[in-house]
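Structural characterization, general
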Amino acid sequence: MEGKKNRIVVFGGSGYIGKYIVKASVSLGHPTLVYTRPLNSQTPLSKTQLCKDFNSMGVTIVEGELEHHQIVAVIKQADIVICALPYPQVLEQLKIIEAIKVAGNIKRFIPSGFGAEEDRINPLPPFQALLDKKNEIRRAIEAAGIPYTSVAANCCAAYFVNYLLRPYQKLKVIAVYGDGEAHAVLNYEEDVAMYTIKAANDPRTCNRVVVYRPSKNIISQNKLISLWEQKCCQTCSKSFISEEQIVELSESLPPPQNIPVSIIHSVFVRGDLMNYELGENYLEASQLYPDHKYTTIDQLLDIFLVDPPPPASAAFE
C-alpha cells in the first residue's frame, strides 16, 4: 500500500512555470498549497481565474506577503517547498530559507531557477549577474543545512519555440542567432513540472542537482527551423544575427533589456547548456524517470502546427 503523499507548497504558483508545477503536483496526488499575494480588485483577471481553477482542482490557496511569520505559518503546513518566483524576486528566497530553518519540518526545498545550471556556465555579464543571485541562494541553502534539490531545467520549450519560430505569425524570414549550429535543450513545460515533482519526492536527488537533458530535446536552431519547414511544407529564409551584434546589444541596452540578449548569446550562440559533461555530482531527469514519456521537440511542433498559441506579451518575462 502506497504511503502518505507529501504535502507541497508552491511559491509563485500562479507564474509561468509555477502553474504547471501546481498542476503536476495535483495530478500526482499530492496535497498542494499555493502561497500568493492577497487577491484584490487590482489583481489581474487571469490570476484570479487561475486561482479559481486551482481551487476547483483541490488546491489550497493561502494569501499573504513575504513576511517571516506568514511564511513560517504556511511552511508548517507542508513537507516540501517549491519556489517558482520570477527572476526579479530570486533573492526573496533568503526569507523562505530563514522560514524553513525556523519551521524545522521541511523534507525538501526546490529553489527557483528552472533554467541554466549556474555553477557550470560563464555567460555575458548581464546574465551572469542573474546567475550570481541564484548561486547566492544555493550557497545559503547549503550553509543552512536544508535538504534541497536544485534543478537545471534548461529552456522551456513552448516558450522558446514561440520566441524563435513565431508560429502564430507564419513568418517567411526567421531570425537565427550566431550560425544556428549551437545545441540547446528545449523541454516542454509540462515535462519540466512533472520531473520537478518527481525529483522533489525522490531520496536519490536529495542535496543533488538534477539536469533536464532528454536526448530527443537537444536541438540546434537550424535543425528546429528545418523540422518546422517540413511540417509546414514551406521554406523560410534565415536572417542571421552575428555574435558581435548580440554582444554589442548586451553592452548597450539598459537593464533589464540586456538580460534576454545575454541569455540568447549563452544558449543559442555559445551552446552553454551542452558545453559541460554531467559528472558524478549531476543526475539526468529522463534517466532517473524513464517511465515518464516526455514530449519530444518533434511532438511539440505537431502541437504548434494544430493549435499555435497566442504570442507572449514579452520574451523572458
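Residues numbered from 1 in each chain as written. Predicted model: local features only at pLDDT ≥ 70, side-chain atom pairs only at ≥ 80, totals over all residues. Heavy atoms only, no water.

A word on the pattern of salt bridges
Counted under the stated rule, the structure contains 13 salt bridges. With a shortest N-O distance of 2.9 Å, Lys95 and Glu92 are connected by a salt bridge. For Lys95, a relative accessible area of 38% translates into the label partly exposed. Judged by relative accessible area, Glu92 falls into the partly exposed class, the value being 26%. The closest approach of N and O atoms between Arg139 and Asp119, which form a salt bridge, is 3.3 Å. Here Asp119 lies in the loop between strand E5 (108-110) and helix H5 (125-144) and Arg139 lies in helix H5, a separation of 20 residues in the sequence. When salt bridges that share partners are traced, they join Glu117, Glu118, Asp119, Lys134, Arg138, Arg139 and Glu142 into one network. (Salt bridge = Lys/Arg side-chain N within 4 Å of Asp/Glu carboxyl O. Buried < 20%, exposed > 50% of the residue type's maximum accessible area, 1.4 Å probe, protein only. Helix = DSSP H or I, 4+ residues; strand = E, 2+ residues; numbered from the N terminus.)

Some remarks on the packing of helix H8 (residues 221-232) against helix H12 (residues 297-306)
Viewed as axis vectors pointing N to C, H8 and H12 meet at an angle of 45°, and their least axial separation amounts to 10 Å. One way to sum up the angle between H8 and H12 is to call them oblique. Of the two elements, H8 crosses H12, and the hand of that crossing is right-handed. Here Leu224, Leu227, Trp228, Lys231 and Cys232 of H8 come into contact with H12, specifically with Ile297, Asp298, Leu301, Asp302, Phe304 and Leu305. (Axes fitted to C-alpha atoms, helices over the stretch in contact; angles between N-to-C directions. Parallel < 35°, antiparallel > 145°, perpendicular 65-115°, else oblique. Left-handed = near helix turned anticlockwise from the far one by under 90°. Contact = heavy atoms within 4.5 Å.)

Side note on helix H3 (residues 68-75)
Every buried residue of H3 is accounted for by Ile71, Val72, Val74 and Ile75. One face of H3 carries all of its buried residues, which in axial projection span an arc of 165°. At its buried positions, H3 is contacted by strand E1 (8-11), strand E2 (32-36), strand E3 (60-63), strand E4 (80-83) and helix H4 (93-103). (Arc of directions from axis to C-beta.)

A few points about the confidence of the model for the chain
Averaged over the chain, the pLDDT score is 94; the fraction of residues at 70 or greater is 96%. Low pLDDT, under 50, characterises residues 312-317; the predicted model gives this stretch 10 contacts beyond four residues in sequence or across chains. (pLDDT = per-residue confidence, 0-100.)

Some points on the packing of aromatic side chains
What the rule picks out here adds up to 8 aromatic pairs. Seen from their ring centres, Tyr159 and Phe160 are 5.9 Å apart, and the 65° between their planes marks the pair as edge-to-face. You'll find Tyr159 and Phe160 in the same group, each marked buried. When the ring of Phe160 is compared with that of Phe268, the centres are 5.7 Å apart and the planes differ by 50°; the resulting orientation is tilted. Taken together, the residues span a long stretch of sequence, with Phe160 in helix H6 (residues 157-165) and Phe268 in helix H10 (residues 258-269) at a distance of 108 residues. Owing to a relative accessible area of 8%, Phe160 belongs among the buried residues under this scheme. You can call Phe268 buried: its relative accessible area is 3%. Here the basic side chain of Arg213 rests over the ring of Tyr276, its NZ or CZ set 4.9 Å away from the ring centre. (Phe/Tyr/Trp six-rings, centres within 6.5 Å; stacked < 30°, edge-to-face > 60°. Lys NZ or Arg CZ within 6 Å of the ring centre and 35° of its normal.)

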